[in-house]
Amino acid sequence: MDTEAFLANVRSQPWYQDQIEHVQKIPERKTVFGELDKPLHPKLQDGLHAQNIDHLYQHQADAINAVRRGENVIVATAAASGKSLCYHLPVVEALLEDTTAYALYLFPTKALTQDQSNSLDKLIPGQSKLRHGIFDGDTSPQDRTDIRRSAKLLMTNPDMLHLGILPNHRSWYQMLRNLKYVVVDEAHVYRGVFGSHVANVLRRLRRLCRLFGGNPRFILCSATIANPGEHAEKLVGMPFTVVDEDGSPYGGKDFLLWNPPMLDMARGSRRSTNTDAAMLMTELIKNKIRTLTFVRSRNMAELLYVYVRERLMESSPALAKKLAAYRGSYLAEDRRRLEKDLFEGRLLGLTTTSALELGIDVGNLDATILTGYPGTIASTWQQAGRSGRRGQRALSVFVANDNPLDQF
């Protein structure tokens, strides 16, 4: 998108009152390719060629080489850098070469699980008997038994691992005994008290594997964080190799700090963050700029959707139909439909909670709006990283709340 032209348009609007405090121009990044120590399995090479992938980035090659050497690996690179191939390729290769082996994928959200399942469908050779299955709260009881018996690659979340798999470990004997790889995606999510709980669950998993004769290796992926090695070792309790040299291309980004105007100087109160976010999102959609707006609560996802839709109905009724809200409490089929509509371009705008913050490929988005500080720098970059995933220059806007932390 032409961010300069859009910002000039925003500054000409009657509601603009010098809200742009700062524009940070994040530079583009060039591509750096890497080399594998040995070629991939021929069937995997065919799967990559079918997706027009002829070379691996430096961090992808480094991670795969380390996994093949038997090391535990954490990959900490930017959003949309192709981290999923860092674990898909070595794991699927190992399962193709050893028909007795199993793998376990842990994702923090159902949306991310579905997204990575679709990625595996494209990668796994159609003629192979390698089956993967999702085992979470959306899985029907009749499917769970079938997945437990036949899936060589199980995709689930830490909660289901804790409640549905480890307490019933004798039913999962074959998987635990022959578990070769455990993948923990979006590992930066597991911090604080929640991270401590997940760390204990992973230790329970390792203990049961040892009991049955298994000894899995761990592959972790994370957004860019300051201490990936230390974090991984505390989370899993084993030494890790860190891969953090990002070789993927990046088209650059204009990151705006946006402060709503003062309403009452005496009281020091500002206009609602949601009002300014609604005006910004309306203007982006009117310019047919595909936008994802993050809010802090499920209720606000619906309210902001209503605000923007009402504004669009006044001037662009056709565009109002290309807007939707998204939150984790929707039915599974509704979430899948919205994710597909966004990815395939039928939606121009989506208001969402952090349910769409992590890893899921939402297609070719041009802009993201963050209504209020998400709570951590990692989450801020994750949300901002939803736009510009196809190598083009993008826009991210942080709209500050009227509280001391946001104003700081």
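Everything below is about the structure printed above this text.
Residues numbered from 1 in each chain as written. Predicted model: local features only at pLDDT ≥ 70, side-chain atom pairs only at ≥ 80, totals over all residues. Heavy atoms only, no water.

**Brief notes about the pairing of strand β12 (residues 291-294)**
Looking along a regular strand, one sees the side chains alternate between the two faces of the sheet.
Inference 1: Of the two faces of β12, the one holding Thr291 and Thr293 and the one holding Leu292 and Phe294 are both buried throughout.
Inference 2: Note that β12 and strand β14 (residues 349-352) share 4 bridges and pair parallel. Looking across to β14, one finds that Thr293 is bridged to Thr351.
Inference 3: Summarising the sheet, β12 and strand β15 (residues 367-371) pair through 4 bridges and their orientation is parallel. Residue pairing across strands places Thr293 opposite Ile369, the latter belonging to β15. (Buried < 20%, exposed > 50% of the residue type's maximum accessible area, 1.4 Å probe, protein only. Helix = DSSP H or I, 4+ residues; strand = E, 2+ residues; numbered from the N terminus. Pairing = 2+ DSSP bridges.)

**Some details on the nonpolar core**
Inference 1: Ranked by internal contacts, the top residues of the largest apolar core, which has 46 residues, are Trp258, Ile285, Val308 and Leu350.
Inference 2: Sort the elements by how many residues they give to this core and helix α11 (residues 273-286) lands first, with 7 residues.
Inference 3: Not counting chain neighbours up to four residues away, the residues in contact with Ile285 comprise Val308, Leu312, Leu319, Leu323, Leu348 and Gly349. (Core = buried A, V, L, I, M, F, W, Y, C linked by side-chain atoms within 4.5 Å. Contact = heavy atoms within 4.5 Å.)

**As for helix α1 (residues 3-11)**
Inference 1: Of the positions making up α1, those classed as buried are Thr3, Phe6, Leu7 and Val10. Projected down its long axis, α1 shows its buried positions confined to an angular sector of 95 degrees, all on one face.
Inference 2: Contact partners of the buried residues in α1: β1 (20-26), β9 (253-258), α11 and β16 (394-399).
Inference 3: The N-capping residue of α1, defined by a side-chain oxygen 3.3 Å from the backbone nitrogen of Glu4, is Asp2. (Arc of directions from axis to C-beta. Polar contact = N/O pair within 3.5 Å; in protein donor to acceptor, adjacent residues only side chain to side chain.)

**With respect to the environment of Leu208**
Inference 1: With respect to the secondary-structure elements, Leu208 resides in helix α9 (residues 192-212).
Inference 2: Along the primary structure Leu208 and Tyr57 are separated by 151 residues, whereas in three dimensions their C-alpha atoms are 36 Å apart.
Inference 3: Contact partners of Leu208, with chain neighbours within four places excluded, come to Leu166, His169 and Leu176.

**Here we look at the packing of aromatic side chains**
Inference 1: Under the definition given, this model contains 9 aromatic pairs.
Inference 2: When the centroid spacing of 6.3 Å and the interplanar angle of 50 degrees are considered together, the rings of Trp15 and Trp258 count as tilted. On the criterion of sequence distance, the pair formed by Trp15 in the loop between α1 and β1 and Trp258 in strand β9 is long-range, its members being 243 residues apart.
Inference 3: Overall, Trp15 belongs to the buried group, its relative accessible area being 16%.
Inference 4: Exposure remark for Trp258: the relative accessible area of 1% places this residue in the buried category.
Inference 5: A ring pair is formed by Phe33 and Tyr57, whose centres lie 6.1 Å apart and whose planes are at 15 degrees; its orientation type is stacked. One end of the pair, Phe33, is in the loop between β1 and α2 (42-50); the other, Tyr57, is in the loop between α2 and α3 (58-68), and 24 residues separate them in sequence.
Inference 6: Note on Tyr57: relative accessible area 22%, which makes it partly exposed.
Inference 7: Members of the aromatic cluster, joined through ring pairs, are Trp15, Tyr16 and Trp258.
Inference 8: One residue, Arg144, lies across the ring of Phe135, its end atom 5.5 Å from the ring centre. (Phe/Tyr/Trp six-rings, centres within 6.5 Å; stacked < 30°, edge-to-face > 60°. Lys NZ or Arg CZ within 6 Å of the ring centre and 35° of its normal.)

**Remarks on the pattern of salt bridges**
Inference 1: For the structure shown, the criterion picks out 17 salt bridges.
Inference 2: Among the ionic pairs, Arg393 bridges to Asp254, the shortest N-O distance being 3.3 Å. With Arg393 in the loop between α15 (377-384) and β16 and Asp254 in strand β9, the pair connects residues that are 139 residues apart, well separated along the chain.
Inference 3: Judged by relative accessible area, which is 1%, Asp254 ranks as buried.
Inference 4: Among the ionic pairs, Arg346 bridges to Glu344, the shortest N-O distance being 2.7 Å.
Inference 5: Given the relative accessible area of 43%, Arg346 is considered partly exposed.
Inference 6: Relative accessible area serves as the criterion here: at 42%, Glu344 is assigned to the partly exposed category. (Salt bridge = Lys/Arg side-chain N within 4 Å of Asp/Glu carboxyl O.)

**As for the sheet that holds strand β2 (residues 73-76)**
Sheet strands pair by backbone hydrogen bonding; their relative direction is either parallel or antiparallel.
Inference 1: One open sheet holds the 7 strands; their spatial order is β4-β5-β3-β6-β7-β2-β8, and the pairing between them is parallel. Strands with a single pairing partner mark the edges of an open sheet, and in this sheet they are β4 (132-134) and β8 (241-243). Geometrically, the sheet is characterised by an average inter-axis angle of 15 degrees between neighbouring strands, direction not taken into account.
Inference 2: Relative to β8, β2 runs parallel, the two being bridged by 3 bridges. Across the sheet, residue Val73 finds its bridge partner in β8, namely Thr241.
Inference 3: On top of the sheet, helix α7 (residues 158-165) reaches β3 (102-106) and β5 (153-156); it is set at about 110 degrees to β5, its chief contact. (Axes fitted to C-alpha atoms, helices over the stretch in contact; angles between N-to-C directions.)

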